[in-house]
Amino acid sequence: MFTQNDIEKLSELVKVTVDETEKERLAGMLSQTAEYMDMLNELNTDHIEPTYQVTGLTNVFQTDNLNKTLTQEEVLSNSAHHSKDMIQTEGVFDRE
């Protein structure tokens, strides 16, 4: 179902370099996955109620220490470099 050309397009979209061997292998893997998903379409789900989760948990939030936060001075004292009341970091994006 998936071709090496499909993998090439996907790799461009996610900005990942994929060599020819990987393209062939990934095309096969994605095709197998799609075939398995097609098998699931054969199941009769007429009387199955849709669900979005199965654990039964709802609205689980941390409730301790909700009011404790660091001051700006405390945060800046923990950073190696800061300037004008802001933490300084090196760039994280490659620019061309």
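Procedures and definitions
Residues numbered from 1 in each chain as written. Predicted model: local features only at pLDDT ≥ 70, side-chain atom pairs only at ≥ 80, totals over all residues. Heavy atoms only, no water. Axes fitted to C-alpha atoms, helices over the stretch in contact; angles between N-to-C directions. Helix = DSSP H or I, 4+ residues; strand = E, 2+ residues; numbered from the N terminus. Parallel < 35°, antiparallel > 145°, perpendicular 65-115°, else oblique. Contact = heavy atoms within 4.5 Å. Nonpolar A, V, L, I, M, F, W, Y, C, P; charged D, E, K, R; others polar. Expected span 1.5 Å × (residues − 1). Buried < 20%, exposed > 50% of the residue type's maximum accessible area, 1.4 Å probe, protein only. Arc of directions from axis to C-beta. Polar contact = N/O pair within 3.5 Å; in protein donor to acceptor, adjacent residues only side chain to side chain.

Participant: I'd like a description of the packing of helix α1 (residues 4–13) against helix α2 (residues 20–40), backed by residues and values.
Facilitator: Between α1 and α2, whose axes approach to 8 Å, the crossing angle comes to 105°. The angle between the axes of α1 and α2 places the two elements in the roughly perpendicular class. Of α2, the residues touching α1 (which contributes Gln-4, Ile-7, Glu-8 and Leu-10) are Glu-20, Lys-23, Glu-24, Leu-26, Ala-27 and Leu-30. For the contact of α1 with α2, the class distribution of residues is five nonpolar, one polar and four charged.

Participant: So what about unusual backbone geometry? Which residues, and what values?
Facilitator: Although it is not a glycine, Lys-84 adopts a positive phi angle of roughly 50°. Tracing the backbone through its elements, the reader meets Lys-84 in the loop between β1 (82–83) and β2 (86–87).

Participant: Lay out α2 with the relevant residues and their values.
Facilitator: Its 21 residues place the ends of α2 31 Å apart at the C-alpha level, agreeing with the 30 Å of an ideal helix rising 1.5 Å per residue. Where α2 is concerned, the buried positions are Lys-23, Ala-27, Ser-31 and Ala-34. Taken end-on, α2 shows its buried residues confined to a sector of 65°, consistent with a single buried face. The exposed residues of α2 that point more than 90 degrees off its buried face are Thr-21, Gln-32, Tyr-36 and Met-39. Contacts made by the buried residues of α2 are with α1. For α2, the capping residue at the N-terminal end is Asp-19, with a side-chain oxygen 3.1 Å from the backbone nitrogen of Thr-21.

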